[in-house]
Amino acid sequence: MRIKDFRIHSIAMADPPLRSSYGLHQPYALRNVVELESEDGVVGIAETYGGEEPATALEALREHVLGTDPWRLLGDLMPMVESGASGMDRSQTHHVPGENPLDADARTYSAMETACLDLIGKSLEVPVCDLIGGRVRDAVNFSAYPFYKHAGGGGEGDDLRSDEYGEALSPEQLVAQVRQMFDQYGFCDVKFKGGVLDPEIEIETIKQLRQELGPDVPLRIDPNCAWSVDTSVKVGLALAEELSNGGYLEDPTASLEGMAEVRKRLLAEGVDTPLASNVSVTSFGDLPEAVRLDAVQVVLCDHHYWGGMRQVQRLAKTCQTFGLGLSMHSNSHLGISLLAMSHVAAATPHLTYACDTHYPWQTERDEIAMGGCVPIEDGQVVIPDAGGLGVELDHDQLERGKELYEKIPYRKRDDAAEMQKYVDPNWKRLLPRW
Ligand code: GKR
Ligand code: MG
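Residues numbered from 1 in each chain as written. Chains lettered and ligands numbered in written order. Predicted model: local features only at pLDDT ≥ 70, side-chain atom pairs only at ≥ 80, totals over all residues. Heavy atoms only, no water.

## Describing unusual backbone geometry
Of the consecutive residues Leu 431 and Pro 432, the connecting peptide bond is found in the cis state with omega at 0°. Following the sequence through the fold, Pro 432 ends up in the segment after helix 15 (415–422). (Helix = DSSP H or I, 4+ residues; strand = E, 2+ residues; numbered from the N terminus.)

Below, the structure is given as structure tokens:
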């Protein structure tokens with residue numbers, strides 16, 4: 001099997017005004033979509049980070065890709081994930097996800113790997129999860145992912161979207177948002193994006209969530225490093241009960257050293273809430289120190305920047321070896337990514353939490369998967385009964401996404417600029433803010 005065509009499509013999709021410690025989501029989020037077509041007309045697809053830089057990095061591979069067998073391509077490109085910053089160097093940074101220059105190669109490799117695996121899987125009529133080692137589950141659990149948000153559903157001008165969830169800038173509104181997500185998608189877990197309002201309000205929000213959802217729903221909070229060590233300890237103590245029972249405290253503070261100090265001080269108070277991270281641990285090179293310092297007890301994997309699905313499986317085994325849990329990180333994405341996340345999750349035995357997904361924040365109007373939105377029912381995505389990822393591209397929708405991309409001025413995610421534009425002209429990301 002040889003690859004005869006390689007197409008890269010830059011698209012935009014509406015995104016609601018969600019808040020995090022990075023700032024405010026822009027009215028459109030960006031994605032790149034890869035198509036690899038074999039000589040016999042089968043097309044493998046992948047979805048990855050958006051904007052110009054990822055597209056240019058993919059384009060730079062063109063001469064390696066054309067005429068190559070997809071199996072061989074994965075091996076030929078392996079140095080992109082096995083050496084340099086993507087290999088064993090530490091890559092921890094505090095950039096917006098997808099903008100960390102140190103894992104750029106790992107992100108590019110991942111998109112190629114997903115498209116190759118989809119192409120191979122479609123050609124052999126084997127689902128990707130079985131191709132990469134065999135599924136251990138047929139359906140994958142995802143969490144509700146509530147955000148504080150301003151009013152609005154994303155988009156601009158005559159492309160404004162309706163605001164499905166409404167404003168959420170208080171504990172009560174946030175609880176209503178979660179209730180709506182639970183009712184609509186059947187989620188059983190909550191990953192709550194904090195680091196936005198005063199920590200006392202965020203503590204209150206979690207307490208109200210616990211009251212609303214009862215004692216059995218795992219709750220997590222992720223302020224993306226917005227807190228000092230002292231504040232992290234204070235919140236960890238205040239939420240000791242709420243974050244137990246399958247929950248965790250994710251990236252409360254910056255750096256492995258900071259996380260280790262929080263862990264030590266919480267343990268000294270008898271609080272064993274696990275600390276999770278997708279900021280202080282973003283590469284294999286971060287793991288030895290994270291383990292040595294007991295800074296992180298749960299790693300969030302993400303095939304989009306950990307170097308692909310097979311690297312995530314290696315990460316899972318490493319986590320299991322060192323007694324760490326494994327969860328899954330997400331960024332704004334469409335259905336092709338959701339299915340890729342589901343396939344790797346299905347083929348990863350040591351996955352100890354429901355995965356994150358931003359998917360409910362996107363609308364069917366932007367979906368590029370043939371047949372519309374990928375269903376999430378009972379909080380789960382079921383692995384489709386078809387080869388590869390189990391989905392085809394809807395080319396009309398893809399064209400729409402490309403036209404949107406051409407219309408908008410920005411070419412990379414910039415939550416800080418959006419925050420300055422709409423909320424506070426003097427806003428700066430401060431780590432820690434509290
Ligand atoms: O979408 O604003 C966001 C999130 O803050 C996202 O960018 C983070 O990467 O979901 C993410 C996380 O868990 O840190
Ligand atoms: Mg996180």
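## Quick notes on the coordination of the magnesium ion (ligand 2)
Expected angles at a metal are 109.5 degrees for tetrahedral coordination by four donors and either 90 or 180 degrees for octahedral coordination by six donors. All of the protein donors around the magnesium ion (ligand 2) are Asp 222 (OD), Glu 250 (OE) and Asn 278 (OD1); their distances to the metal are 1.9 to 2.1 Å. Each donor residue of the magnesium ion (ligand 2) lies on one chain, and together they are spaced D-x27-E-x27-N. Placement of the pair is Glu 250 in strand 9 (residues 248–250) and Asn 278 in the loop between strand 10 (275–277) and helix 11 (287–293), with a sequence separation of 28 residues. One exposure class covers both Glu 250 and Asn 278, and it is buried. (Donors = N, O, S within 2.8 Å, 3.2 Å for Na, K, Ca; no water. Buried < 20%, exposed > 50% of the residue type's maximum accessible area, 1.4 Å probe, protein only.)

## Quick word on helix 7 (residues 171–185)
Taking 1.5 Å per residue as the helical rise, helix 7 with its 15 residues ought to reach 21 Å, and the 21 Å between its terminal C-alpha atoms agrees with that figure. At the exit of helix 7 stands Gly 186, carrying a positive phi of roughly 70°. (Expected span 1.5 Å × (residues − 1).)

## Things to note about the environment of Glu 257
Tracing the backbone through its elements, the reader meets Glu 257 in helix 10 (residues 256–268). On the basis of relative accessibility, which here comes to 47%, the residue Glu 257 falls in the partly exposed class. For the pair Glu 257 and Asp 272, spaced 15 residues apart in the sequence, the C-alpha separation amounts to 18 Å.

## A closer look at the sheet that holds strand 5 (residues 43–49)
As summarised here, the arrangement of the three strands in space is 1-4-5, forming an open sheet in which the pairing is antiparallel. Every interior strand has two partners, whereas the edge strands, strand 1 (3–14) and strand 5, have only one. Sheet twist, expressed as the average angle between the axes of neighbouring strands with direction ignored, equals 20°. One ladder, built from eleven bridges, connects strand 1 with strand 4 (residues 28–38); its direction is antiparallel. Bridge pairing links His 9 to Val 33 in strand 4. Lying over the sheet, helix 5 (residues 104–124) contacts strand 1, strand 4 and strand 5, oriented at roughly 155° with respect to strand 5. Sheet strands in contact with helix 13 (residues 335–346) are strand 4 and strand 5, and its direction is about 100° off that of strand 5. (Pairing = 2+ DSSP bridges. Axes fitted to C-alpha atoms, helices over the stretch in contact; angles between N-to-C directions. Contact = heavy atoms within 4.5 Å.)

## So, helix 12 (residues 309–321)
The end-to-end C-alpha separation of helix 12 is 19 Å, in line with the 18 Å expected for 13 residues at 1.5 Å each. Those residues of helix 12 that fall on the buried side of the exposure criterion are Met 309, Gln 311, Val 312, Gln 313, Leu 315, Ala 316 and Cys 319. Looking one or two places after helix 12, you find Gly 323, whose phi comes out positive at around 75°.

## Brief notes about the side chain of Arg 263
Among the secondary structure elements, Arg 263 is positioned in helix 10. Here Asp 272 takes part through its side chain, which lies 3.1 Å from a polar atom of the side chain of Arg 263. In this structure, Arg 263 is in contact with Asp 272, Thr 273, Pro 274, Leu 275, Asp 294 and Gln 297, ignoring residues within four places of it in sequence. (Polar contact = N/O pair within 3.5 Å; in protein donor to acceptor, adjacent residues only side chain to side chain.)

## Thoughts on the nonpolar core
Inside soluble globular proteins, nonpolar side chains tend to come together where they are buried. Ranked by internal contacts, the top residues of the largest apolar core, which has 116 residues, are Leu 36, Met 112, Val 190, Leu 209, Val 299 and Leu 315. Formed jointly, this core draws a minimum of three residues from each of two domains, domain 1 (3–126 + 397–407) and domain 2 (131–389). Setting aside residues no more than four positions away along its own chain, Val 299 makes contact with Ser 277, Val 281, Leu 287, Trp 306, Leu 315, Cys 319, Leu 324, Gly 325, Leu 326 and Ser 327. Within the second largest apolar cluster, eight residues are counted, among which are Ala 12, Ala 14, Tyr 405 and Ile 408. (Core = buried A, V, L, I, M, F, W, Y, C linked by side-chain atoms within 4.5 Å. Domains from an automatic or database assignment.)

## Some details on the pattern of salt bridges
The final tally for this structure, using the stated rule, is 39 salt bridges. Lys 191 is the salt-bridge partner of Glu 250, the closest N and O atoms lying 2.8 Å from each other. Placement of Glu 250 in strand 9 and of Lys 191 in strand 7 (residues 190–193) is noted, with a sequence separation of 59 residues between them. Taken individually, Glu 250 and Lys 191 each receive the classification buried, so the pair is uniform in this respect. With a shortest N-O distance of 3.8 Å, Arg 400 and Asp 366 are connected by a salt bridge. With a gap of 34 residues between them, Arg 400 in helix 14 (residues 395–407) and Asp 366 in the loop between helix 13 and strand 13 (380–382) connect regions that are remote in the sequence. The partly exposed category is assigned to Arg 400, whose relative accessible area is 25%. Through salt bridges that share partners, Lys 191, Lys 193, Arg 220, Asp 222, Glu 250 and Asp 356 make up one connected network. (Salt bridge = Lys/Arg side-chain N within 4 Å of Asp/Glu carboxyl O.)

## A closer look at the environment of Gln 362
Secondary-structure assignment places Gln 362 in the loop between helix 13 and strand 13. C-alpha of Gln 362 to C-alpha of Ser 332: the two residues are 30 residues apart in sequence and 7.8 Å apart in space.

## Quick word on the pairing of strand 4
In terms of burial, strand 4 is a largely internal element, eleven of the eleven residues being buried. Neither face of strand 4 is left uncovered, since the one carrying Tyr 28, Leu 30, Asn 32, Val 34, Leu 36 and Ser 38 and the one carrying Ala 29, Arg 31, Val 33, Glu 35 and Glu 37 both have all their residues buried. Across seven bridges, strand 4 lies against strand 5 in antiparallel orientation. Considered in strand 5, the bridge of Leu 36 is made with Gly 44. In sequence, strand 4 turns back onto strand 5 through a hairpin of four residues, with Gly 41 there showing a positive phi of about 85°.

## Considerations on the state of the cysteines
Summed over the entire model, instances satisfying the criterion amount to zero disulfides. No disulfide involves Cys 188; its sulfur sits 13 Å from that of Cys 355, the nearest cysteine. Residue Cys 188 is classed as partly exposed on the basis of its relative accessible area, which comes to 46%. Left unpaired, Cys 301 is separated from the closest cysteine sulfur, that of Cys 355, by 6.6 Å. (Disulfide = S-S within 2.5 Å.)

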